[in-house]
Protein chains: 2
Amino acid sequence: MSDYKKIMLAVDLTEESNAVADRAVALVERFAAELHIVHVIEPLSLAYGGDVPMDLSSVQEQIQEQAKSHLSEFATRLKVPAENQHLIFGRPESEIQRVADDAAADLIVVGSHGRHGLALLLGSTANGVLHGASCDVLAVRVGDSE
Amino acid sequence: MSDYKKIMLAVDLTEESNAVADRAVALVERFAAELHIVHVIEPLSLAYGGDVPMDLSSVQEQIQEQAKSHLSEFATRLKVPAENQHLIFGRPESEIQRVADDAAADLIVVGSHGRHGLALLLGSTANGVLHGASCDVLAVRVGDSE
């Protein structure tokens, strides 16, 4: 009854995603749950706003192609079928929640940094996900823990 | 390797603590982990600052006695021995982290509300725990999910 049935693993596809994935896989195995993976690409226009000096659509396309192939490799290693792989454009926090809702996931697994450096950025994604989510959220501590 | 070995369940001992405990117990069973429980009492002086009009130490003592017996009942239902029950005074966020660190817990399980009402309060505890923690944090969604 309190078992997790569908787990949504949110990754940024950096090396640290492996540690986050390890935890998600441990949960998937223990609960015999279904695993989904979501990777959100933040559009350059969202990330840089009015500071984008020119048409970057070809850059954006390359980023997208790269992300697609990275996500596919990553998911294949975890034996996650294509239909459970979600490559999305938008703001990470809200899109992770939306995809989790759409898939009726009962747990979102996301990486979370400490206080320093990239912490702020990734911490705030974990934070944002935590706040809006309609299901449980597991924040997996990655990188420098202090 | 990615298994959880020691789980710190943080509860406010409201009714919703049962739902949070259910998740913690499911994890404890699946991972054959050890369960600890922490309940933090926020001193009246911390909660109300300069607005405390008189000496409330007897009220504080009654609150503490009540909390002690509630925690003991709660923990007994979950078969958590006395030495794994932690009743602490202070700010919930920092004390939950400290107790988890002291016990070398690898996962903190805490309740988290949605956006509304008490949400703000409890959400911010989950948040504060998430930010400073040196281990993973599972935020269990309780109460009104929207």
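Reading the values: the criteria
- Residues numbered from 1 in each chain as written.
- Chains lettered and ligands numbered in written order.
- Predicted model: local features only at pLDDT ≥ 70, side-chain atom pairs only at ≥ 80, totals over all residues.
- Heavy atoms only, no water.
- Least-squares fit on C-alpha atoms with pLDDT ≥ 70 in both.
- Contact = heavy atoms within 4.5 Å.
- Buried area = accessible area lost by both parts, 1.4 Å probe.
- Salt bridge = Lys/Arg side-chain N within 4 Å of Asp/Glu carboxyl O.
- Helix = DSSP H or I, 4+ residues; strand = E, 2+ residues; numbered from the N terminus.
- Pairing = 2+ DSSP bridges.
- Core = buried A, V, L, I, M, F, W, Y, C linked by side-chain atoms within 4.5 Å.
- Buried < 20%, exposed > 50% of the residue type's maximum accessible area, 1.4 Å probe, protein only.
- Axes fitted to C-alpha atoms, helices over the stretch in contact; angles between N-to-C directions.
- Disulfide = S-S within 2.5 Å.

(A) Examining the relation of the copies chain A and chain B more closely. For the pair chain A and chain B, the relating rotation is 180 degrees, the translation along its axis is 0.0 Å, and the fit reaches an RMSD of 0.0 Å. The relationship between the two copies is best expressed as a two-fold rotation axis. Among all residues of chain A, the one whose C-alpha sits closest to the rotation axis is Leu138(A), at a distance of 2.1 Å. When the interface residues of chain A are mapped onto chain B, 100% of them are again interface residues, pointing to one common binding face.

(B) Structural context of the interface of chain A and chain B. Counting from both sides, the interface comprises 29 residues of chain A and, opposite them, 29 residues of chain B. Taken over both partners, the interface formed by chain A and chain B buries close to 2700 Å², and the fraction arising from carbon and sulfur atoms is 46%. Run the count over chain A and chain B and you get four salt bridges. Put simply, Asp136(B) and Arg23(A) hold a salt bridge, and the shortest N to O gap is 3.0 Å. If you list the elements that add at least two residues to the side of chain A that touches chain B, you get α1 (17-31), β4 (107-112), α5 (119-132) and β5 (136-141) of chain A. Examined bridge by bridge, β5(A) and strand β5 (residues 136-141) of chain B share three bridges and lie antiparallel to one another. When the bridges of β5(B) are listed, Val137(A) appears paired with Ala139(B).

(C) Focus on the nonpolar core. If you look at the biggest cluster of nonpolar residues, it comprises 47 residues, and the most contacted ones within it are Leu9(A), Val109(A), Leu9(B) and Val109(B). Leave out the neighbours within four places in its chain, and Val109(B) touches Ile7(B), Met8(B), Leu9(B), Ala10(B), Val20(B), Ala24(B), Leu27(B), Leu138(B) and Val140(B). Within the second largest apolar cluster, 38 residues are counted, among which are Ala105(A), Ile108(B), Cys135(B) and Val137(B).

(D) How the structure looks around the sheet that holds β4(A). Pairing in this open sheet of 10 strands is mixed, and the strands run β3(A)-β2(A)-β1(A)-β4(A)-β5(A)-β5(B)-β4(B)-β1(B)-β2(B)-β3(B) from one edge to the other. Taken across any chain shown, the strands that pair with only one partner, and hence form the sheet edges, are β3 (85-89) of chain A together with β3 (85-89) of chain B. Neighbour-to-neighbour, the strand axes of this sheet turn through a mean angle of 25 degrees, independent of strand direction. Inspection of the sheet shows strand β2 (residues 34-41) of chain B paired to β3(B) by five bridges, in the parallel sense. Each residue of the ladder has a partner; that of Val38(B), found in β3(B), is His86(B).

(E) Representation of the pairing of β2(B). Residue and element names in this part refer to chain B. Where burial is concerned, most of β2 is hidden: seven out of the eight residues are buried. For strand β1 (residues 6-10) and β2, the ladder comprises five bridges, and the chain directions are parallel. Residue pairing in the sheet places Lys6 in a bridge with Glu34 of β2.

(F) Representation of the state of the cysteines within the structure. Applying the stated rule across the entire model yields zero disulfides over all chains. Cys135(A) carries a free sulfur, and the closest cysteine sulfur to it, the one in Cys135(B), is 20 Å from it. Here Cys135(B) falls in the buried class, since its relative accessible area comes to 7%.

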